[in-house]
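Architecture and fold: a report
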Amino acid sequence: MCISRDAGDLARLDDLVLELFADDALVTRWIRLAREHIPIEGLPARICYLGFGQRKAFGLKVNELVRKGALRGPVAFSRDNLDSGSIVNPTFESERMLDGSDLISDWPYLNALLNVAAGADLVAIQQNYSMGEAVHTGVTMIADGTLEADLRLEACLTTDAGIGVVRHAQAGYDIARATADRLFAREHVRVPLWWSREATFGPDEG
């Protein structure tokens, strides 16, 4: 979200996405479609559908542009409350998790705590959907051009997306574990203890 209210800032951010992630067909296709078909309502804003590692790279580059005066004002980063590590909803997003954790709200709360520790500017814990059966967290980070914002963005845009990868890897999704194995070392992320049945409950009795 462009806090400057200047549509020119949004155009520059769209250009930046296309520059940084030219090899990501989903992202570049979306930005081109959005530019052509999505009107600006309120503050100029864009969702980008960026993944783990991409979000941090984009956030740090945007903060650099603010610092250099290439944008007219700060940029606020947020994301959908349905992000992979920020919601439990047993009838939709977390329905039929492989490990049976459909109803367990620990992950959204852990997401919120990690984002607080990482220096997010705003963290919200919310309950919604029918009869309050869904819990999710919201987060906002501000790129204001400061060196402190570099630290906050680097930490929070890593933890916020990373906990979603960990959550699904722990639940038994092979693609999530492969993503962790491939990207975590590159992003300097360590998971101190991967969950296993044996680690939690001990060996099965013979």
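In this report, we go over the structure that sits alongside the text. (Residues numbered from 1 in each chain as written. Predicted model: local features only at pLDDT ≥ 70, side-chain atom pairs only at ≥ 80, totals over all residues. Heavy atoms only, no water.)

**Looking at the environment of valine 165**
Topologically, valine 165 is positioned in helix 5 (residues 147–170). Excluding residues that lie within four positions of it along the chain, valine 165 makes contacts with Phe52, Ser84, Ala176, Thr179, Ala180 and Phe184. (Helix = DSSP H or I, 4+ residues; strand = E, 2+ residues; numbered from the N terminus. Contact = heavy atoms within 4.5 Å.)

**Topic: the pattern of salt bridges**
Within the structure shown, the criterion is met by 16 salt bridges. Residue aspartate 6 is joined to arginine 72 by a salt bridge in which the shortest nitrogen-to-oxygen separation is 3.1 Å. Residue aspartate 6 is located in the segment before helix 1 (7–20), and its partner arginine 72 is located in the loop between helix 3 (54–68) and strand 1 (75–77); the two are separated by 66 residues in the primary sequence. A salt bridge links arginine 12 to glutamate 19; its shortest N-O distance comes to 3.6 Å. (Salt bridge = Lys/Arg side-chain N within 4 Å of Asp/Glu carboxyl O.)

**Let's talk about the packing of aromatic side chains**
Within the structure shown, the criterion is met by 3 aromatic pairs. A ring pair is formed by tryptophan 30 and tyrosine 49, whose centres lie 5.5 Å apart and whose planes are at 80°; its orientation type is edge-to-face. Of this pair, tryptophan 30 sits in helix 2 (residues 25–37) while tyrosine 49 sits in the loop between helix 2 and helix 3; the two residues are 19 residues apart in sequence, bridging distant segments of the chain. A relative accessible area of 22% means that tryptophan 30 is categorised as partly exposed. Ring geometry for phenylalanine 58 versus phenylalanine 77: centroids 5.9 Å apart, planes at 90°, classification edge-to-face. One end of the pair, phenylalanine 58, is in helix 3; the other, phenylalanine 77, is in strand 1, and 19 residues separate them in sequence. (Phe/Tyr/Trp six-rings, centres within 6.5 Å; stacked < 30°, edge-to-face > 60°. Buried < 20%, exposed > 50% of the residue type's maximum accessible area, 1.4 Å probe, protein only.)

**Some thoughts on helix 2**
Because an α-helix packs 3.6 residues into every turn, residues spaced three or four apart end up facing the same way. Relative to the 18 Å expected for 13 residues at 1.5 Å per residue, helix 2 spans 18 Å between its end C-alpha atoms, a close match to the ideal helical length. Residues of helix 2 that are buried include every one of Val27, Thr28, Ile31 and Ala34, and no others. Buried residues along helix 2 cover an arc of 130° about the axis, so they all sit on one side. Those residues of helix 2 that are exposed and aimed more than 90 degrees away from the buried face are Ala25, Leu26, Arg29, Arg32, Glu36 and His37. The secondary structure elements touched by the buried residues of helix 2 are helix 1. Its side-chain oxygen at 3.2 Å from the backbone nitrogen of leucine 26, aspartate 24 defines the N-terminal cap of helix 2. (Expected span 1.5 Å × (residues − 1). Arc of directions from axis to C-beta. Polar contact = N/O pair within 3.5 Å; in protein donor to acceptor, adjacent residues only side chain to side chain.)

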